[in-house]
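# Secondary and tertiary structure notes
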Amino acid sequence: MTRFSTTNESEAVVAADRGKIWAVLTDPVLLPKLTPLLRSIDADGDIWRWHMMRLAVLGVGITPTFTERMRFDEGRRIDYTHEPPPGVSEFTGAEGWYSLADAPGGTRLGISLTLHVELPLSRLLTPAVQAVMNATLQRTGDRFTANLLRHLGAEEVVG
């Protein structure tokens, strides 16, 4: 197995109240409805188990499920770290954060996500696997943003 990873970071000002955005980002029932490729989240306090849809990476099919420890700084920041249960091996995981701050015209929303996956592929395929991962992450992020804005009845503030 070879471990592959990619990181995506973005920031935007959303014309919506910080509390409304916070409510979405901390709702394990609503998030899968807004996030492409995410089937469901099982939340048990600050431990969330994420269930993704089936994906194909260079002919290898995977259905990722991974466990994250969520740390909430009410209304300002969410940090998440891959933390599988003791004795459980998970081949996919994520590390990252969301940040929220008041900004002229709305809320500054920052997102950082590093995704890793272990696949039965040669390390020599790293550039190709990362290209697929980057494209998938970018499309998913773009669609999540569009769904979030539509859900909030908001727009991204330009400038």
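Report follows, based on the coordinates. (Residues numbered from 1 in each chain as written. Predicted model: local features only at pLDDT ≥ 70, side-chain atom pairs only at ≥ 80, totals over all residues. Heavy atoms only, no water.)

Here the focus is the packing of aromatic side chains. Here the structure, examined in full by the defined rule, presents 5 aromatic pairs. Relative to W50, the ring of W48 has its centre 6.0 Å away and its plane inclined at 40 degrees; by these criteria the two rings are tilted. W50 shares its class with W48; the two are buried. For the pair W50 and F66, a centre-to-centre distance of 6.4 Å together with 5 degrees between the ring planes defines the contact as stacked. Of this pair, W50 sits in strand β3 (residues 47–52) while F66 sits in strand β6 (residues 65–73); the two residues are 16 residues apart in sequence, bridging distant segments of the chain. In this structure, W50 and F66 share a single accessibility class: buried. Members of the aromatic cluster, each reached through a chain of ring pairs, are W22, W48, W50, F66 and F72. (Phe/Tyr/Trp six-rings, centres within 6.5 Å; stacked < 30°, edge-to-face > 60°. Buried < 20%, exposed > 50% of the residue type's maximum accessible area, 1.4 Å probe, protein only. Helix = DSSP H or I, 4+ residues; strand = E, 2+ residues; numbered from the N terminus.)

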